[in-house]
Amino acid sequence: MSTQQLQTPEQHQVSPDGCYTLGQFDSSVCQELADRATALKGGATPDAKPGKALGLLFLNPSLRTSASFQRAAARLKLELVNLNSQGVWAMESEEGAIMDGTKAEHMKDAAAVLGCFVDVLAIRAFPAGVDLEQDLKDPVLHGFAKHAGVPIVNMESTLWHPCQALADWATLDQHQVPKPAKLVLTWAWHPKPLPHAVPNSTLCMAAQRGMEVVVLHPAGYQLHPEIMAEAHVLAAANGGSARVSHNRAEALDGAAVVYAKSWGSLDTWGDAEAETAKRAPLGDWCVTSKQMPQGAKFMHCLPVRRNVVVSDEVIDGPRSLIIDQAENRLHAQTALLERILS
Amino acid sequence: MSTQQLQTPEQHQVSPDGCYTLGQFDSSVCQELADRATALKGGATPDAKPGKALGLLFLNPSLRTSASFQRAAARLKLELVNLNSQGVWAMESEEGAIMDGTKAEHMKDAAAVLGCFVDVLAIRAFPAGVDLEQDLKDPVLHGFAKHAGVPIVNMESTLWHPCQALADWATLDQHQVPKPAKLVLTWAWHPKPLPHAVPNSTLCMAAQRGMEVVVLHPAGYQLHPEIMAEAHVLAAANGGSARVSHNRAEALDGAAVVYAKSWGSLDTWGDAEAETAKRAPLGDWCVTSKQMPQGAKFMHCLPVRRNVVVSDEVIDGPRSLIIDQAENRLHAQTALLERILS
Amino acid sequence: MSTQQLQTPEQHQVSPDGCYTLGQFDSSVCQELADRATALKGGATPDAKPGKALGLLFLNPSLRTSASFQRAAARLKLELVNLNSQGVWAMESEEGAIMDGTKAEHMKDAAAVLGCFVDVLAIRAFPAGVDLEQDLKDPVLHGFAKHAGVPIVNMESTLWHPCQALADWATLDQHQVPKPAKLVLTWAWHPKPLPHAVPNSTLCMAAQRGMEVVVLHPAGYQLHPEIMAEAHVLAAANGGSARVSHNRAEALDGAAVVYAKSWGSLDTWGDAEAETAKRAPLGDWCVTSKQMPQGAKFMHCLPVRRNVVVSDEVIDGPRSLIIDQAENRLHAQTALLERILS
């Protein structure tokens, strides 16, 4: 699998503004967007786009993302088309499929139709979690990008959660975390195997911001090698670095930021029983105050399992940035939509 | 069953503007609405109605209809009340029912209440698909029309889908399909028995537009005789014709438009097993390029089962109008709401 | 359990405007809000708050409440963030919980995040109906009130439905029901045990309005003693009274208003089988025209089981106020939001 498979060329054909990953933007553009998010948080007036329309298509549940996109649309005076999975049937993504099963519509038709009704279309589509090769194609995101005819915003796909990453970039800036500082992305135990979108995007965001990134996880929980390769490219271009560690004490030593997140093993993708067995002995992978280095900030994208992924003491402590991260979703997305529609 | 049962007198008592079927409008009004839809598509400014409110009540899933009505509301600066089945309990429609079962509210109360909150109420209510006589009464649509006290827009009921029909009328005009041209509404195989709303409305729309309409289907898949009778009345008044054929070659010969749609048999309504057996040998009722007459346009309301109802080759070909049909939903509904609220 | 448990101090810490119960407002404020609702119904212009945002979080289904809050938001030009349970995961409410079960997010995090995105947050959270002590804490409402950092509006919680009560107060005024008149809140049979929010709020509203309130129910269906105590305090302060009766003829004699509502027994809370057995002999607790005193008005909050809770004859009769009550939801909520945001 090449990087091309993860970041297909279609994304660039549709629109230079469709935001699938931050990596597709120059670092200077990312920084401009983060700066604009910070300005909006500080009270700057959004550049309203009356008469333009934003579509939101949620194929999976959402609290923060739905709320922050609805509000961003309102702040920009956008006309809103809000659709969620409960109102929509299952969609086919395979080209040429003979659709005699349970899927009532091909996404190429849904995409082309929705593209008639709005000027920009934002989509949430989690992995099916059954077939890794299929999920690695990020089929819904790329299917919509190919066929919608309007810019696509990724509200979390199989592989990426760029709006969270942009909000996190702005959060790091607002808290004066230096660009060369050490950020540790640490795996945590969780009762279920979760998708890789947030860890992938966090890794690449921090690499692109020029940070010293350590991906800390137990053996068997590596991120995909193509994602790591992407991170190395981004780090090299921006003065940062990215490496893996399995040693919690070593990795966390001197960290300026501890970013906790659980994710499932690629080795047992789609096999819930094997995954459960594999992670059973890893319950102590919880971020507690004992692990937190002196002065380090704590980050998580939410929702979070308290006292499982992180202890109350840490997440409720003065160095926890979780609410700022969430609030910055609104400002980052407002900045992104401003840019796409201008 | 008389035509009265299909088009009850209530619809005219509530408001002359409530759109249950296109047939209730003079053909000249239909043409004005189609012309206005075309003008709006071409960039005409919608006649905004600030301060007026539109309610959307989806008792069934929707993608196109929900998106296009939300956008139409925004273009007209309407205040929107958006309700869907996931948020609403099951409703009773029987007058005088002793409500000690599972239904928590009578639609007469729901209708009267929603009518207090909005100026026009749009409803989607598919057939229950169990009892044909009950479904033929189109009970939810007429129950709301009787009790809401405001104009009702039909977003697809048991029997009719007039907004699709109006969008299709505008699409035919935009592609210069002559009024006397031959339109073949052809049945297609589908894994499930689908409602009759679209074929009924397509038939009556084309008859009212003055076209030569042929309803093509295998034996046992007739539309309801009262609907056919309504089509004959509309055709006679507008210089068109309507007839049935079971012969694909004969029917399709010389067609200017092939409109594909699957629907369930009235003979096996509510009996899934019998219906499945009945349609089992009919899998070749799929529109492929071999069946398409020279120069004929292809139409379908979407969502469509690709390579089951129609081959990719036809639906993705240059004479496929499906995306225009869908886009015209927005413009037709904007035109309709403008008229109802003016 | 003290009144403190029902009306925790948090509600006053967050904002003096958060409306958990009407009882937290002085009677003069309630009267001002009811008067404003009546003025808005009569055509007064809402005091728009452009740029302010309202969040709606429905953890349970809603028709009237969702419709009326959406419209109220539009009338006030509020930016709307609309979230429902279908889009949201199950939430933990226990402080310090080890979240390794099915609940994906703690409400303290959800509340803090949503509070970043809106200026006022309205919540619907019915009782879980399993553990009475837990439900009596009204955990979701108070959890959000404690952590959201913005005023909370109660769209029906375990214990209270103040927006319905305020609409009912305005309805009584509009129909010139004198403040000292007798209002009978009568229990009715229903196939399911329902929550106490509406009877609690109706009782306290009428007591606070200075009415002679009789709570009429069969033995074993008492409201919670703390709620009765609250009603006595409110009645005493406002020239009214509150008492219980098990005798339908005695209680209804001379009533100016019969307010029907079903609710479950506190004695069998969470035990569906015991509750069903307990209410089995009570099927004649239905309000029919025989029970209605001369000239008395009939009220119910809707949705209502017709011919189970009340006969069609009564609810469709000239003295039924149910549609006015529902319409006043819009005006009462508009008045409440105006006040909270001013």
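All values derive from a computational prediction rather than experimental measurement. (Residues numbered from 1 in each chain as written. Chains lettered and ligands numbered in written order. Predicted model: local features only at pLDDT ≥ 70, side-chain atom pairs only at ≥ 80, totals over all residues.)

**Student:** Can you lay out the overall build of chain A for me, pointing to particular residues and giving the numbers?
**Tutor:** Looking only at helices and strands, one finds 14 helices and 11 strands in chain A. Considering only C-alpha atoms, chain A reaches an extent of 55 × 50 × 35 Å along its principal axes. Taking all 342 residues of chain A together, 58% fall into the buried category. (Helix = DSSP H or I, 4+ residues; strand = E, 2+ residues; numbered from the N terminus. Buried ≥ 20, exposed ≤ 12 C-beta atoms within 10 Å, placed from the backbone.)

**Student:** Lay out helix α4 (residues 64-75) of chain C with the relevant residues and their values.
**Tutor:** Residues and elements named next belong to chain C. For α4, with 12 residues, the first-to-last C-alpha span of 16 Å sits near the 16 Å given by 1.5 Å per residue. Most of α4 sits out of view: 11 of its 12 residues are buried. The complete set of buried residues in α4 reads Arg64, Thr65, Ser66, Ala67, Ser68, Phe69, Gln70, Arg71, Ala72, Ala73 and Arg75. Positioned one or two residues after α4, lysine 77 has a phi angle of 60°, which is positive. (Expected span 1.5 Å × (residues − 1).)

**Student:** Just give me the short version of the interface of chain A and chain B, but keep the residues and values in it.
**Tutor:** The partner chain B presents 26 residues to the 26 residues of chain A that form the contact. Among the secondary structure elements, those contributing two or more residues to the side of chain A that touches chain B are β1 (53-58), β2 (79-84), β4 (105-106) and α5 (107-117) of chain A. Split by residue class, the side of chain A that touches chain B holds 16 nonpolar, 6 polar and 4 charged. (Contact = placed C-beta atoms within 7 Å. Nonpolar A, V, L, I, M, F, W, Y, C, P; charged D, E, K, R; others polar.)

**Student:** So what's going on with the interface of chain C and chain B? Residues and values would help.
**Tutor:** Facing 26 residues of chain C, the contacting portion of chain B comprises 26 residues. For the side of chain C that touches chain B, the secondary-structure elements that each account for two or more residues are α4 and α14 (322-341) of chain C. No other element matches the 7 residues that α4(C) contributes to the side of chain C that touches chain B. Here the side of chain C that touches chain B is composed, by residue class, of 13 nonpolar, 7 polar and 6 charged.

**Student:** An account of unusual backbone geometry is requested, with residue identities and associated values reported.
**Tutor:** Here the residue pair Leu302(A) and Pro303(A) is connected by a cis peptide bond, since its omega of 0° sits within 30 degrees of zero. With respect to the helices, strands and loops of the structure, Pro303(A) is situated in the loop between β11 (297-299) and α13 (312-315). For Leu302(B), which is not glycine, the phi torsion reads 65° and is therefore positive. Among the secondary structure elements, Leu302(B) is positioned in the loop between β11 (297-299) and α13 (312-315). Judged by C-beta crowding, with 21 C-beta atoms within 10 Å, Leu302(B) ranks as buried.

**Student:** Summarise the environment of Glu313(A); cite the residues concerned and give the values.
**Tutor:** Tracing the chain through its elements places Glu313(A) in helix α13. Once the C-alpha coordinates of Glu313(A) and His232(A) are considered, the two residues, 81 residues apart in sequence, prove to be 34 Å apart.

**Student:** Tell me about the pairing of strand β9 (residues 241-245) of chain A, residues and numbers included.
**Tutor:** All names here are of chain A. With 5 bridges joining them, strand β8 (residues 212-216) and β9 adopt parallel strand pairing. Opposite leucine 216, over in β9, you have serine 245 as the bridge partner. For the crossover that starts at β8, traverses helix α10 (residues 225-238) and ends in the parallel β9, the hand is right-handed. (Pairing = 2+ DSSP bridges. Right-handed = clockwise from strand over helix to strand, strands pointing away.)

**Student:** Quick rundown of the relation of the copies chain C and chain B? Include the residues and the values.
**Tutor:** One copy of the chain maps onto the second through a rotation about an axis and a displacement along it. When chain C is fitted to chain B, the residual RMSD is 0.0 Å, and the transformation amounts to a turn of 120° plus an axial shift of 0.0 Å. When the rotation and shift are considered jointly, the pair of chain copies conforms to a three-fold rotation axis. Mapped onto chain B, only 4% of the interface residues of chain C again fall at the interface, so the copies present different surfaces. (Least-squares fit on C-alpha atoms with pLDDT ≥ 70 in both.)

**Student:** Got a sec to walk through the domain arrangement of chain A? Specific residues and values, please.
**Tutor:** Residues and elements named next belong to chain A. Taken domain by domain, chain A consists of domain 1 (3-160 + 327-341) and domain 2 (176-320). Put simply, the middle of domain 1 and the middle of domain 2, counted by C-alpha atoms, are 25 Å apart. Tallying the contact residues gives 20 residues for domain 1 and 18 residues for domain 2. Those elements that provide at least two residues to the side of domain 1 that touches domain 2 are α1 (3-6), α3 (27-41) and α6 (132-136). (Domains from an automatic or database assignment.)

**Student:** Go over the sheet that holds strand β6 (residues 152-154) of chain B with me, naming the residues and quoting the values.
**Tutor:** All names here are of chain B. Pairing is parallel across the open sheet formed by 4 strands, whose spatial order is β2-β1-β5-β6. Two strands close off the open sheet at either side, each with one partner strand: β2 (79-84) and β6. The average undirected angle you get between the axes of adjacent strands in this sheet is 20°. Here 5 bridges tie strand β1 (residues 53-58) to strand β5 (residues 120-124), and the two strands are oriented parallel to one another. Within β5, the position partnered with phenylalanine 58 by the bridge is arginine 124. Sheet contacts for helix α5 (residues 107-117): β1, β2 and β5; angle to β1, the most-contacted strand, approximately 150°. (Axes fitted to C-alpha atoms, helices over the stretch in contact; angles between N-to-C directions.)

**Student:** Provide a residue-level description of the environment of Phe58(A), including the pertinent values.
**Tutor:** All names here are of chain A. Mapped onto the secondary structure, phenylalanine 58 falls in strand β1. The class for phenylalanine 58 is buried, based on 24 C-beta atoms found within 10 Å. As a C-alpha pair, phenylalanine 58 and arginine 75 span 17 residues in sequence and 20 Å in three-dimensional space.

**Student:** Describe the relation of the copies chain A and chain B, with residues and values.
**Tutor:** The transform that puts chain A on chain B rotates by 120° and translates by 0.0 Å along the axis, for an RMSD of 0.0 Å. Interface overlap between copies is the fraction of interface residues in one copy that are interface residues in the other; for chain A against chain B it is only 4%, indicating separate surfaces.

**Student:** Quick one: what's the story with the packing of α5(B) against helix α7 (residues 139-147) of chain B, residue by residue and with numbers?
**Tutor:** Residue and element names in this part refer to chain B. Close contact between α5 and α7 brings their axes to 8 Å; oriented N to C, the two are set at 50°. On the basis of the axis angle, α5 is oblique to α7. The two elements α5 and α7 cross, and the hand of that crossing is right-handed. Here Met107, Lys108, Ala111 and Ala112 of α5 lie close against α7, whose contacting residues are Val140, Gly143, Phe144 and His147. When its residues are assigned to classes, the contact of α5 with α7 shows 5 nonpolar, 2 polar and 1 charged. (Parallel < 35°, antiparallel > 145°, perpendicular 65-115°, else oblique. Left-handed = near helix turned anticlockwise from the far one by under 90°.)

**Student:** Would you mind going over the sheet that holds strand β5 (residues 120-124) of chain A in detail, with residue names and values included?
**Tutor:** Residues and elements named next belong to chain A. Within the open sheet, the 4 strands sit side by side as β2-β1-β5-β6. Their pairing is parallel. Either end of the sheet is taken by a strand with one partner, and the two such strands are β2 and β6 (152-154). Averaged over all neighbouring strand pairs, the angle between strand axes comes to 20°, with direction disregarded. Pairing of β1 with β2 involves 6 bridges; the strand directions are parallel. Directly across from alanine 53, in β2, lies its bridge partner glutamate 79.

**Student:** Talk me through the confidence of the model for chain A; I want residue IDs and the actual numbers.
**Tutor:** Model confidence for chain A is summarised by a mean pLDDT of 92, while 94% of its residues fall at 70 or above. This stretch, residues 1-17 of chain A, has a pLDDT under 50; its non-local contacts, to residues over four places away or in other chains, come to 29 contacts. (pLDDT = per-residue confidence, 0-100.)

**Student:** Can you explain helix α9 (residues 197-208) of chain B? Please cite residues and give values.
**Tutor:** Residues and elements named next belong to chain B. In this model α9 runs 16 Å from its N-terminal to its C-terminal C-alpha over 12 residues, within 8% of the 16 Å that 1.5 Å per residue would give. Where burial is concerned, most of α9 is hidden: 12 out of the 12 residues are buried. Buried within α9 we find Ala197, Val198, Pro199, Asn200, Ser201, Thr202, Leu203, Cys204, Met205, Ala206, Ala207 and Gln208. Glycine 210 occupies a position one or two residues after α9 and carries a positive phi of about 90°.

**Student:** How would you explain the pairing of strand β7 (residues 182-187) of chain B if you had to name every residue and give the values?
**Tutor:** Residues and elements named next belong to chain B. Most of β7 sits out of view: 6 of its 6 residues are buried. With burial as the criterion, each face of β7 is covered, one bearing Lys182, Val184 and Thr186 and the other bearing Leu183, Leu185 and Trp187. Pairing of β7 with strand β10 (residues 257-261), which is carried by 5 bridges, proceeds in the parallel orientation. Counterpart to leucine 183 in the pairing with β10 is valine 257.

**Student:** Can you lay out the packing of helix α4 (residues 64-75) of chain B against helix α14 (residues 322-341) of chain B for me, pointing to particular residues and giving the numbers?
**Tutor:** Residue and element names in this part refer to chain B. Where α4 meets α14, the closest approach of the two axes is 9 Å, and the angle between their N-to-C directions is 45°. Classified by the interaxial angle, the pair formed by α4 and α14 is oblique. Both α4 and α14 take part in a crossing whose hand is right-handed. Residues Arg64, Ser68, Phe69, Arg71, Ala72 and Arg75 of α4 pack against Ala326, Arg329, Leu330, Gln333, Thr334 and Leu337 of α14.

**Student:** Give me the environment of Gln134(C): which residues, what numbers.
**Tutor:** Residue and element names in this part refer to chain C. As for its placement among the helices and strands, glutamine 134 is situated in helix α6 (residues 132-136). Linking glutamine 134 and threonine 158, residues 24 residues apart in sequence, is a C-alpha distance of 9.9 Å. Every residue in contact with glutamine 134, bar those within four places of it in the chain, is listed here: Ala128 and Pro139.

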